[in-house]
Amino acid sequence: MLKEFKEFIARGNVMDLAVGVIVGAAFTAIVKSLVNNLINPLIGLFVGSIDFSNLVFTVGDAHFKYGAFINSIINFLIIAFVVFILVKGLNKVAPTKADEEPVEPEPTNEEKYLKEIVTLLKRDDLQK
């Protein structure tokens with residue numbers, strides 16, 4: 001069982017997933033810092049304070065903090081927009097493989113022979 005576990009962990013896609021999660025967590029920290037420390041204060045200059053956390057709806061002993069939920073939605077939209085701008089900028093700087101010109105595959109021997117046959121047949125038709 002230990003051997004199977006080692007083989008499972010050593011598979012390429014498991015390692016790729018682990019690297020993706022780690023890099024994603026680090027990127028999330030960078031984006032959150034960008035939004036919290038730069039974007040939100042900038043928006044706050046124009047709009048004022050963006051804090052709805054004090055909005056609460058109470059029913060009996062239950063407190064529904066819908067203001068905190070609204071804050072989370074606003075932060076999500078800001079973060080999503082910042083990530084969109086970052087990805088768009090990165091795509092302009094480093095084009096993806098999809099943006100590159102497709103490379104014509106080398107013709108197979110069969111295709112080369114068929115082309116030669118067509119050329120010979122056309123030449124024979126011209127000589128008649």
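Residues numbered from 1 in each chain as written. Predicted model: local features only at pLDDT ≥ 70, side-chain atom pairs only at ≥ 80, totals over all residues. Heavy atoms only, no water.

Let's talk about the overall build of the protein chain
Right, so step 1: Of regular secondary structure, the protein chain possesses four helices and two strands.
Right, so step 2: Counting helices and strands in the order they occur from the N terminus, the protein chain gives α-α-β-β-α-α.
Right, so step 3: In summary, the protein chain has a C-alpha radius of gyration of 30 Å against a globular reference of 14 Å for 128 residues, an excess of more than 25%.
Right, so step 4: Once the C-alpha set of the protein chain is aligned to its principal axes, its extents read approximately 100 × 55 × 30 Å.
Right, so step 5: With 128 residues in all, the protein chain has 5% of them scored as buried.
Right, so step 6: Sequence separation of 24 or more characterises 40% of the internal contacts of the protein chain that already satisfy a separation of 6 or more.
Right, so step 7: Just so you have it, the protein chain exposes about 11,500 Å², and 67% of that area is on carbon and sulfur atoms. (Helix = DSSP H or I, 4+ residues; strand = E, 2+ residues; numbered from the N terminus. Rg over C-alpha atoms; globule rule 2.2 N^0.38 Å. Buried < 20%, exposed > 50% of the residue type's maximum accessible area, 1.4 Å probe, protein only. Contact = heavy atoms within 4.5 Å. Areas by Shrake-Rupley, 256 points an atom, 1.4 Å probe, with all protein chains shown as cover.)

Quick notes on the environment of valine 35
Right, so step 1: Tracing the backbone through its elements, the reader meets valine 35 in helix α2 (residues 12-47).
Right, so step 2: As a C-alpha pair, valine 35 and glutamate 7 span 28 residues in sequence and 41 Å in three-dimensional space.
Right, so step 3: Those residues within four positions of valine 35 in sequence are excluded, and the remaining contacts are Asn40, Pro41, Ile78, Ile79 and Val82.

Re the confidence of the model for the protein chain
Right, so step 1: In the predicted model, the protein chain carries a mean pLDDT of 81, and the fraction of residues at 70 or more is 91%.
Right, so step 2: Here helix α1 (residues 2-10) is the element of the protein chain with the lowest mean pLDDT, 77, and strand β2 (residues 62-64) is the one with the highest, 91. (pLDDT = per-residue confidence, 0-100.)

Notes on the pattern of salt bridges
Pairing between side chains becomes possible if they bear opposite charge and their charged atoms approach one another.
Right, so step 1: In the structure shown here, the tally under the stated rule is one salt bridge.
Right, so step 2: Of the charged contacts, one joins lysine 112 and glutamate 106 as a salt bridge, the two residues approaching to 4.0 Å between their closest N and O atoms.
Right, so step 3: Given the relative accessible area of 37%, lysine 112 is considered partly exposed. (Salt bridge = Lys/Arg side-chain N within 4 Å of Asp/Glu carboxyl O.)

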